[in-house]
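Summary of structural features
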Amino acid sequence: GLPGLVRLLRSSSEKVARQAVGALANLSVAPPNKAKIVSAGGLPLLINLLRSPSERIAEHAAGAIRNLSIAPEIEGQIVSGGGVPPLVELLRSKDKRIAVQAAVAVRNLTVHTHNKKALADAGAVGPLVALLTSPEKKLQEQAVVSLRNLSVPAENKRLLVDEGAIIPLVDILRPLAAGGEGEKKGKDDGKSGKEKDKKSAAAPKLDSNTRKVAEFAMGTLRNISVSGDLQKRVMDAAIVPLIVSITEKYARESRLVEQCASTIRNLGVDDDLAGELIQKYKVVPILVMLLRIHTNLSLKDGGKGKEGAESTRVLEQVAGALRNLSMSSQYREALVGEGVLPPLIELLNHSDAKVSEQAGIALRNLSEGVED
């Protein structure tokens, strides 16, 4: 049984220990077994085996920890039991299988607020940033999700920037702006090539993996852009032209463009950056486009379905971005000239209070100092 396998983790025989930890890695997938392994004293032994010189033992131990880290009642014990430092070290492993197991375990731990500081203090950010450029898509995906989670606390935002996260995050988004990579291939519907090109350009779709990585990369940059002292660093990485291109191309990818609009919203708080966003990068037309598209989508199924809820979140961020961009009187005339008034006025009657509030404040700002 499980207690017997746990006892075998102490074996001086590498073969026996490898077989025992491999069995526990498999058995730890089942929810009922997780607590049993911990109750049998398996957790500290598994943590110890993360440092095993045997690559296969380390891989299986990391796999078991990965499975155990899903359980809310166990993840804290992994951290308090000293599991984070060896997991961080395994992120640097040249063995793909070991690195993947460690990366998924770390990702699971980053979900919980109380673990974020421990992971940052253990040096997790540096190796996670390094994995953003990994040719192994699985490693890149786990790293970008972890960094998005770790970028939430204010004290971690600076750490991500200091570890060089901005450029590789931006680089992840470049292929989307260029177009083509990660797009779903449609079936032949008998339409002419010109008709197909027009339809594809209007609403291309991303495959699920590309979409997920892009959303989390953009979400990490959005979190970093919350900090006023880091906003210029984000702007200097040429993220805004990518946001404009991605939003134009994938306007209906609600969760992705929500992150894009939220980043513009954050950057627009600064008057100087707001001027660049409006005058240099021409972000207002794409914001107006998003308002028109997602106002209609947010009403689908009475606004109660998934698509309607996601579009409503887009509207909140876009209206909030226009609110911030309209704070400075010197840009208000330009905003009105770009046609922001009609879609904002339409949002005053939106069923979501946050959306109507942001639209109302933006309209109040625009009403001050703008000629009729």
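Below is a short write-up of the structure. Model, not experiment: these values are computed from the prediction.

Here we look at the overall build of the chain
In terms of helices and strands, the chain carries 24 helices and 0 strands. When the 372 residues of the chain are sorted by exposure, 54% land in the buried category. Sequence-distant contacts in the chain: of pairs separated by 6 or more residues, those separated by 24 or more amount to 72%. Approximately 17000 Å² of the chain is accessible, and the part contributed by carbon and sulfur atoms is 50%. Side chains of the chain carry 51 positive and 43 negative charges; the gap between the two charge centres is 8 Å.

A word on the nonpolar core
Within soluble globular proteins, side chains that are nonpolar generally end up buried alongside one another. Ile239 and Val283 are the most contacted members of the largest nonpolar core, which has 122 residues in total. No other element matches helix 8 (residues 96-110), which puts 9 residues into this core. Sequence-distant contacts of Ile239, defined by excluding residues within four places in its chain, comprise Val170, Leu173, Met218, Leu221 and Val234.

Some words on the pattern of salt bridges
Pairs can form between side chains of opposite charge whenever their charged atoms are close. Tallied over the full model, the rule gives 16 salt bridges. With a closest N to O distance of 2.9 Å, Arg174 and Asp171 form a salt bridge. Taken as a pair, Arg174 and Asp171 lie in helix 13 (residues 166-178) at a separation of 3 residues, close to a single helical turn. When its relative accessible area of 37% is taken as the criterion, Asp171 is described as partly exposed. Members of the salt-bridge network, linked through shared partners, are Arg56, Glu59, Asp95 and Arg97.

Section: the environment of Lys232
Along the chain, Lys232 falls in helix 16 (residues 231-236). Residue Lys232 is classed as partly exposed on the basis of its relative accessible area of 44%. The sequence separation of Lys232 and Val318 amounts to 86 residues, and the corresponding C-alpha distance is 21 Å.

Quick notes on unusual backbone geometry
Although it is not a glycine, Ala238 adopts a positive phi angle of roughly 60°. When you line up the elements, Ala238 lands in the loop between helix 16 and helix 17 (239-249). Residue class for Ala238 comes out partly exposed when judged on its relative accessible area of 32%. Although it is not a glycine, Lys282 adopts a positive phi angle of roughly 55°. Relative to the helices and strands, Lys282 is located in the loop between helix 19 (271-280) and helix 20 (284-298).

Let's talk about the environment of Ile278
Within the element layout of this structure, Ile278 appears in helix 19. Counting along the chain gives 37 residues from Ile278 to Pro241, while the straight-line C-alpha distance between them is 12 Å. Residues contacting Ile278, with those up to four places away along its chain left out, are Val283, Val284, Leu325, Tyr331, Ala334 and Leu335.

So, helix 19
Taken together, the buried positions of helix 19 are occupied by Leu273, Ala274, Gly275, Leu277 and Ile278. Along its buried surface, helix 19 packs onto helix 16, helix 17, helix 18 (254-267), helix 20, helix 21 (306-325) and helix 22 (332-337). Sitting at the amino-terminal end of helix 19 is Asp270, which places a side-chain oxygen 2.9 Å from the backbone nitrogen of Asp272.

Procedures and definitions
- Residues numbered from 1 in each chain as written.
- Predicted model: local features only at pLDDT ≥ 70, side-chain atom pairs only at ≥ 80, totals over all residues.
- Heavy atoms only, no water.
- Helix = DSSP H or I, 4+ residues; strand = E, 2+ residues; numbered from the N terminus.
- Buried < 20%, exposed > 50% of the residue type's maximum accessible area, 1.4 Å probe, protein only.
- Contact = heavy atoms within 4.5 Å.
- Areas by Shrake-Rupley, 256 points an atom, 1.4 Å probe, with all protein chains shown as cover.
- Lys, Arg positive; Asp, Glu negative; His and termini not counted.
- Charge placed at Lys NZ, Arg CZ, Asp CG, Glu CD.
- Core = buried A, V, L, I, M, F, W, Y, C linked by side-chain atoms within 4.5 Å.
- Salt bridge = Lys/Arg side-chain N within 4 Å of Asp/Glu carboxyl O.
- Polar contact = N/O pair within 3.5 Å; in protein donor to acceptor, adjacent residues only side chain to side chain.

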